[in-house]
Amino acid sequence: MGILISSITRMSVRDRRDDLRALYATGASPGRLARLFAARAGLLAAVGGTIGYALGVVVPNALVNLTLTLGYPVALDLALGPTAGLLVAGLVVGVAVVGAVAGYLAARSTLRGSVLPDGASGGAARSGGALSLRLLSPRAFLPTAGSLAVFVAFVVLVGTVGATFTAIGATGGTITEPDAIHPVASHVDQRHATVLRSEGVEASPEILLFTMVDGEPVFGRGVNYTAYAAVSDGRLVEGRPPNGPGEAIVGESLADRLDVRVGESILLGGSTATGLTTVTVTGVYSGEGLGDDQLLVPLDTARYLRDLPSGTVNLIRVGSDPSAAFANASGIVALDVTAPDRVRAGEPVPVNVSLQNVGDDTATRTVEVAAGSAERSRTVTLDPGERTTVTVALPSPPPGTWNLTAADRRTRLAVVDEESPRIEGVPERLPPGATFTVGVRTAAGEPASNATVALDGDRAPTDGNGSATLAAPDAPGTYRLAADVDGATASRRVTVSENATREPVATLRVSPSTEAFGSATARVRLVNPWDRPVTRSVRVEGPERTRAREVRLAPGERTTFEAPLSRQPPGTYAVSLRVGDAVVAEQRYEVTGDRRLAGALASSGYSAGSDAGSIVERSFGNLWVVLGTIVAQGAFMSIGSTTAAFAGAVHARRRSVGVRRATGMSPRRLLRLVLRDALVLAIPASLFAVAAGVSLVALVGALGALTVFGVGFTVVTDPVVLGGTALVALALAVASAAVVARRFARATPAELLGGDG
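Criteria and cut-off values
Residues numbered from 1 in each chain as written. Predicted model: local features only at pLDDT ≥ 70, side-chain atom pairs only at ≥ 80, totals over all residues. Heavy atoms only, no water. Pairing = 2+ DSSP bridges. Helix = DSSP H or I, 4+ residues; strand = E, 2+ residues; numbered from the N terminus. Axes fitted to C-alpha atoms, helices over the stretch in contact; angles between N-to-C directions. Contact = heavy atoms within 4.5 Å. Core = buried A, V, L, I, M, F, W, Y, C linked by side-chain atoms within 4.5 Å. Buried < 20%, exposed > 50% of the residue type's maximum accessible area, 1.4 Å probe, protein only. Salt bridge = Lys/Arg side-chain N within 4 Å of Asp/Glu carboxyl O. Polar contact = N/O pair within 3.5 Å; in protein donor to acceptor, adjacent residues only side chain to side chain.

Chemist: I'd love a proper account of the sheet that holds strand β22 (residues 435–441), names of residues and values included.
Modeler: Here three strands make up an open sheet; going across it, the order is β20-β22-β25 and the pairing antiparallel. The open sheet has two edge strands, β20 (422–424) and β25 (467–471), and neither has a second partner. For this sheet, the mean inter-axis angle between neighbouring strands, taken without regard to orientation, is 35 degrees. In terms of strand pairing, β20 meets β22 through three bridges, oriented antiparallel. The partner of Glu 424 across the bridge, within β22, is Gly 439.

So this is what it looks like as structure tokens:
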């Protein structure tokens, strides 16, 4: 920006040479004139900074909208908050000050040659060898090199950030919870890593940590070091891996920054939850990029600092695409089977089977449904990735309880006689003389009104809701509770005991989830059969997770609630329902181990590249679209600066250009002459810019300014990248010179000779 203002000021001074000589002759000092130009330059810089801010909002928004239209995910939040507003205002003021200073210095320098009579403003460049300048002054080298150095530093800095974020796991990928907005917010069962390893995929379950050590921000991970080493380039160079919750290892770069050694203790603060723990450093490891700036702790330690449920991690890092391991496990798999749990004999059973083709080709499968001697089948054809639900009408098996199987899935089915009623909502144990409510339903599950319920001589009819109120006998013992619905009867045994308490009647049912990485759901139904309110604590105890709530039921009230269970890999699991201190119901459920389905589950949350790249991807969208937009804006700014530098150089030779045009030089030849000189200047300027830009970024890194939350960025020094950057810088310089040369080539000799050059 200083180069731009300086070039414009120099051209303005030369354009007003006659007016400035008149002011000088009437007493105006060069210093006063320079201050006037400084004020003008400061105002110009302030206006330019304001317009630049406006373009900085409009252009990125337009690019984001264009990117979204093309189908690339970008989630940049371009809203300007109060803090950012103050920062922008400060930058505009800073730009104005820099512009004023640059204008003052340029004006003072140029006035010495333009205002003083017959002052030298620099003669034309001399002709010489093939690489000598024919028209432009060598003085254009420094402003050109300075502008290009800023561009190169900008590109190197952006490339450093992009390369660092994609350095780890670039050949592998990560598995996170589908639809999680951020890997830190992802919850994945770590046992999925075991399933992946059993299929030959190296997998490391990991928890992301952002903690503090002695006031220094530190990025860490909770890992199983053996699994971590299998998917990363880290290697232990001193000590041993951590063996327990109180141990940790550190990267070499982080160990140097924190000045910690093997055997020393570190106090760690909680990450996204309140917590403190002390760990002993047992080893130091070496890694590339981010890998050398991390603290690695056991999973249990990280889980405590993050307050995560047992067995849960943020992500699973894999060494390769997990879908490759399941490539030969293609075809149609059954996701879930649903059917009524109770039907009347003689009625068909509607069985719904959810299917998905997890392969890469169109597949056909025959779905077989059976319960006892009853069987039916249905053939289904699905395209790759297609999902559907088919309904099979299964003939009713004989009365009884059956295992209903469909496409390797299983559920329970009760078949009852057409007239058999059902008693429900009755506790097994009754206090003597207690008043309670009995529910009676028909075989179809509808409330049985006008039924008769009897217990030890006490008889009562049911109301329209199928409920009747009875009193328990006073004498302890076992009694028969009977219900009569139009001659069809049902009965059950109840026990009257002085030790019995008034507890709600509870039922438990578990239904597996059909979603990838989903959890099963426990459905709890509670009934208060007593003549007084009941308040109890209810706990659903499943694998690795307990759901508890306080329930208050009015007399005769019923309630139902659901409790999601933790995600589990294939296997059989138990769920129990505890009311108060007693376990009142238990049920087991199965997570199927179909390896084709396991492949679909792993792939649903898989993304290629590092988890650090995933964070940026989830936060901003496509990382390289974001970085490309930033580099494009940097190139646009550099063109402005180099154009101003060459404009100043050509403007200083305006009289010489006018003489050449007046003596017959064509505009095309003038254009070639300016471009030749620009190329002679730009080649060394580009090489100088690369060296200066890389050195500047390296110096910033050496001062510790390229560290974000304890992660030090490694400066990009790839010769291919730097060579490409030098070519882009050269192209920017030549393009800028072409813009300037075209403008002066279009001017007439009279216009060029009208001012001093």
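The structure having been displayed, the exposition proceeds.
Chemist: I'd like a rundown of the sheet that holds strand β15 (residues 363–371), residues and numbers included.
Modeler: Spatial ordering of the open sheet is given by β13-β19-β18-β15-β16, a layout of five strands whose pairing is mixed. Each edge of the open sheet carries a strand with a single partner, namely β13 (342–344) and β16 (374–382). Recorded for the sheet is a direction-independent mean angle of 25 degrees between the axes of neighbouring strands. Sheet topology places β15 next to strand β18 (residues 400–406); two bridges connect them, and they run antiparallel. Residue pairing for β18: Ala 370 is matched across the bridge by Thr 405.

Chemist: Please provide a residue-by-residue account of the environment of Val 262, values included.
Modeler: Among the secondary structure elements, Val 262 is positioned in the loop between α8 (252–258) and β7 (265–269). The spatial distance from the C-alpha of Val 262 to the C-alpha of Arg 240 is 9.3 Å, given a sequence separation of 22 residues. Sequence-distant contacts of Val 262, that is, excluding residues within four places in its chain, are made with Glu 238, Val 281, Thr 282, Gly 283 and Val 284.

Chemist: A description of the pairing of strand β14 (residues 349–357) should follow, citing residues and the corresponding values.
Modeler: In terms of strand pairing, strand β12 (residues 332–338) meets β14 through six bridges, oriented antiparallel. Pairing of Ile 332 across the sheet is with Asn 357, part of β14. Judged from the eight bridges that link them, β14 and strand β17 (residues 387–394) form a sheet pairing that is antiparallel. Residue Val 349 lies in a different strand from β17, and its bridge partner there is Leu 394.

Chemist: Report on the nonpolar core, specifying residues and quantitative values.
Modeler: With 30 residues, the main nonpolar core has Val 250, Leu 268, Leu 295 and Ile 316 as its most contacted residues. No other element matches strand β3 (residues 203–213), which puts four residues into this core. Among residues more than four places away in sequence, those in contact with Val 250 are Ala 255, Val 260, Val 281, Gly 283, Val 284, Tyr 285, Gln 294 and Leu 295.

Chemist: Outline the side chain of Ser 576, supporting the account with residue identities and numerical values.
Modeler: Along the chain, Ser 576 falls in strand β33 (residues 571–579). Sequence-distant contacts of Ser 576, defined by excluding residues within four places in its chain, comprise Leu 508, Arg 539, Val 540, Glu 541, Val 583, Ala 585 and Glu 586.

Chemist: Can you tell me about the pattern of salt bridges, naming the residues and giving the values?
Modeler: Within this structure, the stated rule accounts for 16 salt bridges. The residue Glu 247 makes a salt bridge to Arg 240 at a minimum N-O spacing of 2.7 Å. In this structure, a network of salt bridges that share partners links the residues Arg 422, Glu 424, Arg 441, Arg 525 and Arg 558.

Chemist: Run through the environment of Trp 402, naming residues and quoting values.
Modeler: Mapped onto the secondary structure, Trp 402 falls in strand β18. Sequence spacing of Trp 402 and Gly 372 is 30 residues, and the spatial spacing of their C-alpha atoms is 6.4 Å. Polar contacts involving the side chain of Trp 402 include one to the main-chain carbonyl oxygen of Pro 398, which spans 2.8 Å.

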